[in-house]
Amino acid sequence: MQGGRGIHFSQLYIFSYIQSFQDDHSQIGQKGYSRVVYCNDPDNPEALKLKYRGNCISTTKYTVFNFVPKSLFEQFRRVANIYFLVAACVSFSPLAPYRAGSIVLPLVVVIGATMVKEAVEDWRRRKQDIEANNRKVKVYGKDHTFHKTKWKNVRVGDLVRVEKDEFFPADLLLLSSSYDDGICYVETMNLDGETNLKVKRCLEATAALRDEFWKFKAIVRCEDPNEHLYSFIGNLYHENRQYPLSPHQILLRDSKLRNTEYIYGVVIFCDHDTKVMQNTIHPPSKRSKVERKMDKIIYFLFSVLVLISSIGSVLFGVQTKNDISGGRYKRWYLRPDSTTVFFDPRRASLASFCHFLTGLMLYGYLIPISLYVSIEIVKVLQTIFINQDKNMYYAVTEKPALARTSNLNEDLGQVHTILSDKTGTLTCNSMEFVKCSIAGTAYGRGVTEVEKAIKRRKKDGDPESVEASFDMEEHSGNITDSRKSIKGFNFRDERIMEGKWINELHAYVIQNFFRVLAICHTAIPDVNKESGEISYEAESPDEAAFVIAAREFGFEFYERTQTSISLHELDLKTGKKVARAYKLLHVLEFSSSRKRMSVIVRNEENQLLLLCKGADSVMFERLSEDGQIFEIETKDHISRYAAAGLRTLVIAYRELGEQEYAIWKEDLFEAKTSVSADRDTQVDAAADKIERDLILLGATAVEDKLQKGVPECIKNLSQAGVKIWVLTGDKMETAVNIGYACRLLREEMRQIVITLDTPDIIALEKQRDKEAIAKASRESVTMQIREGKSQVISSRQSCVSSALIIDGKSLIFALAENLESLFLELAIDCSSVICCRSSPKQKALVTRLVKKATGKTTLAIGDGANDVGMLQEADIGVGISGVEGMQAVMASDFAIGQFCFLERLLLVHGHWCYRRIAKMICYFFYKDITFGLTLFWFEAYASFSGQPAYNDCTLCYIKKVYRTSSSAGLVYLVGCLMGLSVLVSSTSSSLVRSFTRPFGEMDEWQSMKSSGSHCILVLCGL
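Residues numbered from 1 in each chain as written. Predicted model: local features only at pLDDT ≥ 70, side-chain atom pairs only at ≥ 80, totals over all residues. Heavy atoms only, no water.

Caption draft 1: Quick peek at the overall build of the chain. Within the chain one finds 30 helices and 35 strands. Counting all 1022 residues of the chain, 56% fall into the buried class. Of the contacts made within the chain by residues no fewer than 6 positions apart, 74% connect residues no fewer than 24 positions apart. Carbon and sulfur atoms make up 55% of the accessible area of the chain, which totals about 44,000 Å². (Helix = DSSP H or I, 4+ residues; strand = E, 2+ residues; numbered from the N terminus. Buried < 20%, exposed > 50% of the residue type's maximum accessible area, 1.4 Å probe, protein only. Contact = heavy atoms within 4.5 Å. Areas by Shrake-Rupley, 256 points an atom, 1.4 Å probe, with all protein chains shown as cover.)

And the structure:
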């Protein structure tokens, strides 16, 4: 990495190094803000009294101590198991028609087998926890040296050293870094799904702390553990001085250190107190809907059992009472004069009641205890089929599909709503430079996914002709595809590639355009010492794509120092590469409110240049009269790029005068050193003042590359009646662009946007009146939801579908108790829903709301730690084993390598699993009712005496060995063996996918009713 130590970023960056006055530190010490941390002194007696948690995390469902009681509770949530537990207890009394072992043994086998399966599945989670807890980090010890220590042994107050590309073991307070200014770059993909790097900075008071740590002692008083990722309030007390802390100094667990050799930090929160763990929920106990409905059927069968037992006991009581008639014994051979209470004619009512209890056990065949074991066996076989499906094997990462639990297989075919993450789930976490507009001329012949979708609609969906036309367009001219594939660069246009741009009419404008891309950024080059190749570490994938594109067009950024940026440029006159250095004076960073970024540099000709890139909504209004030559053409190209699902930025520049720059520099210094409450506003105004009178160069268009097959997958799932929601931590603009690219949004859709980024709310936020902000925000969200409802109604009358887009701030109020039902009504009425800037907690709350309010099966899919709560809250959680680590996979029920595999998982395996389980359950009920009623028929010929028709050995064999291995095994396995040909036959699976409507609730009940009708026929036959 170039330019490590010695870069004083605080002297260059305008906004990142301003201490904000917005955080209210007056609450420290009050309720909710009572945490005290003794920095570098965890053994302080006062610290030991606080008894903070250790750093050993657990995501398992069970522990060693609660496994038996909790697992037993899970087993006896099944109605049949409760019945057999009661029957087993009664079997030790004289009332039992069988020996106790014949009833207890099947129950023990059923419960034991299921508990073993649960233990094995939970042990897999435990092993992943052990792997995370045994990672190592350097901790400062009592001997004044750093020792590698396991994460689980880290304590609150420990001073740790984290090195490049390592994860943070806990929530840390940044003390210093390898940079003199104490900054560091952090990747937070596991937290918020964003791929761009965040710049964190320490307090100036600790920035020089790199050795002699034994002298460092401080106290931190801060907020208690909470789930808010983007806020932190606290104070550092060091050397009799107080320093306010903000989120800029906090490094969160599971984020990664990037572009920084090392950092030193103090542990503030450990274990489940960390913000990422606060955003997770305890692993829930999930049961499939088929299993829950099976309980209802067992309730019905139990009612039948009570009915026939009552009938038998009444008839038995009548016959027993008639055994003595007029002092004569009617059935003398039964010796009614010398019998037990169970057959005593003089106490016929009591004998009848005892017979009723005996009948409950005698006709126990009606309650299929072996069905549960049979289902478990079948589900295990189904998981094997899923795990070994070659069509869901992702060769790039060598990851097969993985069913981490077998409890929810059949629910895959009943999914009603999918709630999906965006970054890393729908996309590949990479941007590609695809097109650009320079001097009013559009360059780039690439075709995006959205353009392909539009052309398919125009060609009536003929995919072969569409793909053929794409190939002709991309290979027209003299384009060759022999070039090596370059990550972040997917541009094809023979007019300006390979240095041919110097022959274009506006070559000077093209030169300035790519020069801006090569200079206006915060990326850091990383030179491979062995190969000499240069890679770039950027704060966002957009920046990396721009720098790579500039390099491919002859403007290679190869070195950054404290005050300069160096390029290898393609000289316009000579056509050869020359080295040029630009003195870096100021960086005006990008922010969501500014929507632009600028740098001020001085070139070798001593010219002062302001280079700027930003959103078209703020850039065109800043152009000078002479700089608007290509404005009309550029706007037209931007509209076309946006319609193609591309992310666009406008590129412009201007030359500054020496006097103008000197005056502006003084104004900026005064604004930055101001101690007034409106200092942020003053700095904004100073930046706005210099970013004027720009000269338009053109616009860029980059594609947030979708994973392969995502648009087709979403289309097929939508046709299957599955609703898809996208919950992302990304900005609204990014999420909308991806919505178009993956066909979740369409041009003809009416977009209903709910946001609090309005002038009125922004003005209130500057006043920092929290009550007024909350009240105005609540009213604004309520009004926007009501307006959205009316828009949906009018759109429905016009046969136009609607899409709901809501940001994270608005979602806070929309999920409040008084608004959540109204919000849900609006969301359900829309064809697509996108929730932007959503925190992990909000994702879980939205998932819970949809699951409870609709009563339908919900599926959540994601790939990062920020998706764990959502996955656990949904009926089915699917983790993608992608680039964001394995946190989502660890918390999921199923794991796949790519989003497109979800189509096969639901429409093929979900279809098969549900159909086979449902048919087997129906067969079991039919068989057990038939078998049980034969006993009732036998009892009619045995005077309802409660005598069994089979001996205990036969009974045990039928209940366990025959039923499980024969009924569930042979009968169902015959179907599975026949289905093996389906698994390996693409034609058959394609046939299943062509009828994409999954089984619904009606199909399930029809199957159950069909089984009931067979039973009625049996009764009629008897």
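Moving on from the model shown.
Caption draft 2: Representation of the sheet that holds strand β13 (residues 262-269) within the structure. Read from one edge to the other, the open sheet built from 6 strands follows the order β3-β2-β4-β13-β5-β11, with strand pairing classed as antiparallel. If you trace the sheet from one side to the other, it starts and ends with β3 (146-150) and β11 (250-251), each paired once. As paired strands, strand β5 (residues 171-177) and β13 are joined by 6 bridges and run antiparallel to one another. Note on β13: the bridge partner recorded for Leu173 is Val266. (Pairing = 2+ DSSP bridges.)

Caption draft 3: Spatial organisation of unusual backbone geometry. Located in the positive-phi region is Asn40, a residue other than glycine, with phi close to 60°. Structurally, the position occupied by Asn40 is in the loop between β1 (35-39) and α1 (45-50).

Caption draft 4: Fine view of helix α13 (residues 541-552). Spanning 12 residues, α13 covers 16 Å between terminal C-alpha atoms, matching the ideal 16 Å at 1.5 Å per step. With 11 of 12 residues buried, α13 is to be regarded as a mostly interior element. Of the residues one or two after α13, Gly554 is the one with positive phi, at around 105°. (Expected span 1.5 Å × (residues − 1).)

Caption draft 5: Inspection of the nonpolar core at higher detail. Judged by nonpolar contacts, the single largest core of 78 residues is most densely connected at Phe433, Ile438, Phe489, Phe491, Val599, Ile600 and Leu611. The contacts of Ile438, once residues within four sequence positions are left out, are Tyr443, Val509, Ile510, Phe513, Phe514, Leu697 and Gly698. Judged by nonpolar contacts, the second largest core, of 51 residues, contains Tyr83, Leu107, Phe316 and Ile917. (Core = buried A, V, L, I, M, F, W, Y, C linked by side-chain atoms within 4.5 Å.)

Caption draft 6: Molecular detail of a positive patch on the surface. A surface patch of like charges, here positive, comprises Lys136, Lys148, Lys150 and Lys152. By the element assignment, Lys152 lies in the loop between β3 and β4 (159-163). (Patch = residues over 30% accessible without salt bridge, like charges linked within 9 Å, V, L, I, M, F, W, Y side chains within 5 Å. Salt bridge = Lys/Arg side-chain N within 4 Å of Asp/Glu carboxyl O. Lys, Arg positive; Asp, Glu negative; His and termini not counted. Charge placed at Lys NZ, Arg CZ, Asp CG, Glu CD.)

Caption draft 7: Up close: the environment of Ile375. Here Ile375 lies in helix α9 (residues 369-387). On the basis of relative accessible area, Ile375 is assigned to the buried category, the value being 7%. Considered as a pair, Ile375 and Ser406 are 31 residues apart in the sequence and their alpha carbons are 9.8 Å apart. If sequence neighbours within four positions are ignored, Ile375 has contacts with Met294, Ile917, Met920 and Ile921.

Caption draft 8: Quick look at the packing of helix α7 (residues 289-321) against helix α8 (residues 348-362). Following both chains from N to C, one finds α7 and α8 inclined at 145°, their axes separated by 8 Å at the closest point. In this structure, α7 crosses over α8, and the sense of that crossing is right-handed. Of the residues in α8, those touching α7 at Leu305, Val306, Ser309, Ser310, Gly312, Ser313, Val314, Phe316, Gly317 and Lys321 are Ala348, Ala351, Ser352, His355, Phe356, Gly359 and Leu360. The residue makeup of the contact of α7 with α8, split by class, is 8 nonpolar, 8 polar and 1 charged. (Axes fitted to C-alpha atoms, helices over the stretch in contact; angles between N-to-C directions. Left-handed = near helix turned anticlockwise from the far one by under 90°. Nonpolar A, V, L, I, M, F, W, Y, C, P; charged D, E, K, R; others polar.)

Caption draft 9: Geometry of the side chain of His586. As for its placement among the helices and strands, His586 is situated in strand β24 (residues 577-588). By relative accessible area, which is 7% here, His586 ends up buried.

Caption draft 10: Structural view of the confidence of the model for the chain. Of the residues in the chain, 81% reach a pLDDT of 70 or more, and the chain-wide mean stands at 79. The low-confidence segment residues 1-7 (pLDDT under 50) makes 26 contacts with residues lying over four places distant or belonging to another chain. (pLDDT = per-residue confidence, 0-100.)

Caption draft 11: Summary view of a nonpolar patch on the surface. Together, Leu307, Ile311 and Leu315 make up an exposed nonpolar region whose accessible area comes to about 240 Å². Mapped onto the fold, Leu315 is located in helix α7.

Caption draft 12: Examining the sheet that holds strand β12 (residues 256-258) more closely. Strand order in this open sheet of 3 strands is β7-β6-β12, and the pairing throughout is antiparallel. With partners counted over all chains shown, the strands left at the sheet margins are β7 (197-201) and β12, one partner each. Taking each pair of neighbouring strands and ignoring which way they run, the sheet shows an average axis angle of 45°.

Caption draft 13: Region of the structure containing α9. Between the first and last C-alpha of α9 there are 28 Å, a value that for 19 residues agrees with the 27 Å anticipated at 1.5 Å per step. Counting buried residues along α9, 14 of its 19 residues qualify, which places the element largely inside the surrounding structure.

Caption draft 14: View of the pairing of strand β25 (residues 596-602). In terms of residue burial, β25 counts as a mostly covered element, since 7 of its 7 residues are buried. Side chains Arg596, Ser598, Ile600 and Arg602 of β25 all project onto a buried face; the interleaved residues Met597, Val599 and Val601 project onto the opposite face, where all are buried too. Here β24 runs beside β25; their pairing, made up of 5 bridges, is antiparallel. Across the sheet, residue Leu584 finds its bridge partner in β25, namely Val601. In terms of strand pairing, β25 meets strand β26 (residues 608-614) through 7 bridges, oriented antiparallel. Counterpart to Val601 in the pairing with β26 is Leu609. Between the end of β25 and the start of β26, which pair antiparallel, lie 5 residues, with Asn606 showing a positive phi angle near 65°.

Caption draft 15: Representation of the pattern of salt bridges in the model. By the definition in use, this model includes 40 salt bridges. Close ionic contact of Glu118 with Lys61 constitutes a salt bridge, the shortest N to O distance being 3.8 Å. Of this pair, Glu118 sits in helix α4 (residues 100-133) while Lys61 sits in the loop between α1 and α2 (67-75), and the two are 57 residues apart along the sequence. Here Lys851 and Glu873 are joined by a salt bridge, their closest N and O atoms 3.4 Å apart. Taken together, the residues Lys851 in helix α24 (residues 840-854) and Glu873 in helix α25 (residues 868-873) connect sequence positions 22 residues apart. Each of Arg596, Arg622, Asp688, Glu691 and Arg692 takes part in a single network of salt bridges with overlapping partners.

Caption draft 16: Quick peek at the pairing of strand β27 (residues 647-656). The element β27 is extensively covered by neighbouring structure, given that 9 of its 10 residues are classed as buried. With 7 bridges joining them, β26 and β27 adopt antiparallel strand pairing. Across the sheet, residue Leu610 finds its bridge partner in β27, namely Arg654. With 7 bridges connecting them, β27 and strand β28 (residues 695-706) associate as antiparallel partners. Opposite Arg647, over in β28, you have Val702 as the bridge partner.

Caption draft 17: View of the packing of aromatic side chains. Applying the stated criterion across every chain yields a total of 22 aromatic pairs. Centre to centre, the rings of Phe213 and Tyr264 are 4.7 Å apart; their planes meet at 55°, and the pair counts as tilted. Taken together, the residues span a long stretch of sequence, with Phe213 in the loop between β7 and β8 (218-222) and Tyr264 in strand β13 at a distance of 51 residues. This pair shows no difference in class: Phe213 is buried, exactly as Tyr264 is. The interplanar angle of 35° and the centroid separation of 6.2 Å between the aromatic rings of Phe489 and Phe491 together place this pair among those described as tilted. The pair Phe489 / Phe491 is uniform in exposure class, with both members buried. Through pairs of rings, three or more aromatic residues link up here, namely Phe433, Phe489, Phe491, Trp501, Phe513, Phe514, Phe553 and Phe555. The ring of Tyr237 carries the charged tip of Arg221 above its face, separated from the ring centre by 5.9 Å. The ring of Phe620 has Lys635 lying over it, and the distance from NZ or CZ to the ring centre is 5.0 Å. (Phe/Tyr/Trp six-rings, centres within 6.5 Å; stacked < 30°, edge-to-face > 60°. Lys NZ or Arg CZ within 6 Å of the ring centre and 35° of its normal.)

Caption draft 18: Expanded view of the packing of helix α18 (residues 710-719) against helix α27 (residues 901-940). It is the contact of α18 with α27, at a shortest axis distance of 8 Å, that shows an interaxial angle of 25°. It follows that α18 is roughly parallel to α27 by the angle criterion. Note on packing geometry: the crossing formed by α18 with α27 is left-handed. For the pair α18 and α27, the contacting residues are Cys713, Asn716 and Leu717 in the first and Leu902, Glu903, Leu906 and Leu907 in the second. Among the residues forming the contact of α18 with α27, the class breakdown is 5 nonpolar, 1 polar and 1 charged. (Parallel < 35°, antiparallel > 145°, perpendicular 65-115°, else oblique.)

Caption draft 19: Geometry of the environment of Arg495. Within the secondary structure layout, Arg495 lies in the loop between α11 (463-474) and α12 (507-519). You can call Arg495 partly exposed: its relative accessible area is 30%. With 52 residues separating them along the chain, Arg495 and Tyr443 place their C-alpha atoms 8.0 Å apart. Of the polar contacts made by the side chain of Arg495, one reaches the backbone oxygen of Ala442; its length is 2.8 Å. Reaching out from Arg495, the side chain makes a polar contact with the side chain of Asp493 at a distance of 2.7 Å. (Polar contact = N/O pair within 3.5 Å; in protein donor to acceptor, adjacent residues only side chain to side chain.)

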